[in-house]
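The residues making up each chain are set out below.
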Amino acid sequence: MHDRPAPTASLRPVDGPGGLPLLRVDNPLARATVSLQGAQVLSFQPHGQPDWLFLSPRARFEAGQAIRGGVPLCWPWFGPDPDGLGRPAHGFARLRRWSLRGARDGSDGATELELVLRDDEATRALWPHAFELRLDIRVGATLRLSLSVHNSGDSAFTLTQALHSYFAVDRLDAARVLGLEGCGFIDQVPGAPPAGSATQEALRFSGRLDRLYQGVPDRLQLLGAAGGQPLTLHSAGSRTAVVWNPGAELAADMADLGPGAHQHFVCVETANAGDERIALPPGGRHRLTVEIAAQAAGAFP
């Protein structure tokens, strides 16, 4: 079932719900669970703290189906199929089985994993390009995700992408995002005016929200995360942030969320989307990184 035996003391492969292969990490600093389908971090819990990530109790664990929660990878497009061909929303990377290429325990107690996805006949039927994707995951006092893409073919391609983080919150109405002040946005809620004006106020959640902010700084902060600990997101290779919550009505209609589930999470996503597109020539490379850390209140920016 699994690619190889656990190569480190802190790593244990297990069969998850629906028989999907999971990797469990338990080191002196934190615990984490990663699905090999989609290279998706499903949980991250520093010792003595609640899980920083939200995983829906109704999440589907089925081969080829998206798992609702954690940090799904949107690639090689973010959002609906850009060509309207009926291909999966948010691309195919989150639906594919990845390989564990390496793992190690560091002297500082952290665990590093390297997962890889390469093009094959099935991916080329959806997107006719050769590539290698690598996700480096560091589980320590912080959670660091670094998604690298290499154009291994002989033709250029353009992509959009996101690390679609679902953060657990204690109370949705108490959650705020700092760092987006002064940034304009594209409002993606149907029927809303498409362009939003920049404000100097922290972003709050009241009703359905789906905004694509561009030209954002490399540090954002989420207040009101589970357990009351502010979380800071430090990104690289990105000038786009997507902030999403489905609101009560849409969540109730979603089979893998359900009534009231919107109260327990917010998505603050590190992305290249909207007008920020990544063009890679043959042999080109790009890296998208986010590090999530607990930070004392009042220490931001």
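Residues numbered from 1 in each chain as written. Predicted model: local features only at pLDDT ≥ 70, side-chain atom pairs only at ≥ 80, totals over all residues. Heavy atoms only, no water.

Enquirer: Give a description of the overall build of the protein that names residues and reports values.
Expert: The secondary structure content of the protein amounts to two helices and 23 strands. In terms of overall dimensions, the protein is globule-like: its C-alpha atoms have a radius of gyration of 18 Å, near the 19 Å expected for 301 residues. Summarising its shape, the C-alpha atoms of the protein cover approximately 50 × 45 × 35 Å along the three principal directions. Taking all 301 residues of the protein together, 53% fall into the buried category. For the protein, the exposed area adds up to about 12700 Å²; of that, 49% sits on carbon and sulfur atoms. Side-chain charges of the protein comprise 28 positive and 31 negative groups, with the mean position of each set lying 3 Å from the other. (Helix = DSSP H or I, 4+ residues; strand = E, 2+ residues; numbered from the N terminus. Rg over C-alpha atoms; globule rule 2.2 N^0.38 Å. Buried < 20%, exposed > 50% of the residue type's maximum accessible area, 1.4 Å probe, protein only. Areas by Shrake-Rupley, 256 points an atom, 1.4 Å probe, with all protein chains shown as cover. Lys, Arg positive; Asp, Glu negative; His and termini not counted. Charge placed at Lys NZ, Arg CZ, Asp CG, Glu CD.)

Enquirer: Quick rundown of the layout of surface pockets? Include the residues and the values.
Expert: One number sums up the size of the largest pocket: a volume of about 690 Å³. Broken down by secondary-structure element, the contributors of at least two residues to the lining of the largest pocket are β17 (209-214) and β20 (240-245). For the lining of the largest pocket, the per-class residue count stands at 15 nonpolar, eight polar and eight charged. Approximately 160 Å³ is the volume found for the second largest pocket. Residue lining of the second largest pocket: 13 residues in total, with Thr199, Glu201, Leu203, Arg211 and Tyr213 positioned closest to the centre. The set of elements that each furnish at least two residues to the lining of the second largest pocket consists of β16 (203-204) and β17. A class-by-class count of the residues in the lining of the second largest pocket yields seven nonpolar, two polar and four charged. (1 Å grid on protein atoms, 1.4 Å probe; cavity = no way out; pocket = protein on both sides within 12 Å on 5 of 7 lines; lining within 4 Å. Points joined across faces, edges and corners; volume = space filled by probe spheres on them. Nonpolar A, V, L, I, M, F, W, Y, C, P; charged D, E, K, R; others polar.)

Enquirer: Can you explain the sheet that holds β16? Please cite residues and give values.
Expert: Sheet architecture is open: nine strands sit in the order β6-β7-β8-β9-β23-β19-β18-β13-β16, paired in antiparallel fashion. Where the open sheet ends on each side, the last strands, each with one partner, are β6 (99-105) and β16. Two elements, β6 and strand β7 (residues 111-118), share six bridges in a ladder whose sense is antiparallel. Bridge pairing in β7 links arginine 104 to glutamate 112. (Pairing = 2+ DSSP bridges.)

Enquirer: Describe in detail unusual backbone geometry, supporting the description with residues and values.
Expert: A cis amide bond links tryptophan 75 with the next residue in sequence, proline 76, at an omega value of 5°. Phi at alanine 39 takes a positive value of approximately 50°, unusual for a residue other than glycine. For alanine 39, the position within the fold is in the loop between β3 (30-35) and β4 (40-46). Take alanine 39: its relative accessible area is 1%, and that puts it in the buried class. If you check the backbone angles, histidine 90 has positive phi at about 65° while not being a glycine.

Enquirer: Which residues make up the packing of aromatic side chains, and what values do they have?
Expert: A complete count under the given rule lists 14 aromatic pairs for this structure. Aromatic side chains tryptophan 75 and tryptophan 127 sit 5.2 Å apart centroid to centroid with 70° between the ring planes, which places their arrangement in the edge-to-face category. Taken together, the residues tryptophan 75 in the loop between β5 (73-74) and β6 and tryptophan 127 in the loop between α1 (121-126) and β8 (131-139) connect sequence positions 52 residues apart. Taking the relative accessible area as the measure of exposure, tryptophan 75 reaches 0% and is therefore buried. Judged by centre distance (5.2 Å) and plane angle (50°), the rings of phenylalanine 185 and tyrosine 213 are tilted. Of this pair, phenylalanine 185 sits in strand β14 (residues 185-187) while tyrosine 213 sits in strand β17, placing them 28 residues apart in sequence. Across the pair, exposure class does not vary: phenylalanine 185 and tyrosine 213 are buried alike. (Phe/Tyr/Trp six-rings, centres within 6.5 Å; stacked < 30°, edge-to-face > 60°.)

Enquirer: Can you explain the pattern of salt bridges? Please cite residues and give values.
Expert: Scanning all chains against the criterion turns up 16 salt bridges. Salt-bridge contacts for arginine 101 lead to glutamate 114; the nearest nitrogen and oxygen are separated by 2.7 Å. On the criterion of sequence distance, the pair formed by arginine 101 in strand β6 and glutamate 114 in strand β7 is long-range, its members being 13 residues apart. The exposure class of arginine 101 is partly exposed, given its relative accessible area of 32%. When its relative accessible area of 22% is taken as the criterion, glutamate 114 is described as partly exposed. The salt bridge partner of aspartate 136 is arginine 134, with a shortest N-O separation of 2.9 Å. (Salt bridge = Lys/Arg side-chain N within 4 Å of Asp/Glu carboxyl O.)

Enquirer: If you had to explain the sheet that holds β4 to someone new, which residues and values would you point to?
Expert: Taken in spatial order, the four strands line up as β1-β2-β3-β4 in an open sheet, and their pairing is antiparallel. Pairing within the sheet leaves two strands with one partner each, and these edge strands are β1 (11-15) and β4. Ignoring strand direction, the axes of neighbouring strands in this sheet form an average angle of 15°. In this sheet, strand β2 (residues 21-26) lies alongside β1 in antiparallel orientation, the contact comprising five bridges. (Axes fitted to C-alpha atoms, helices over the stretch in contact; angles between N-to-C directions.)

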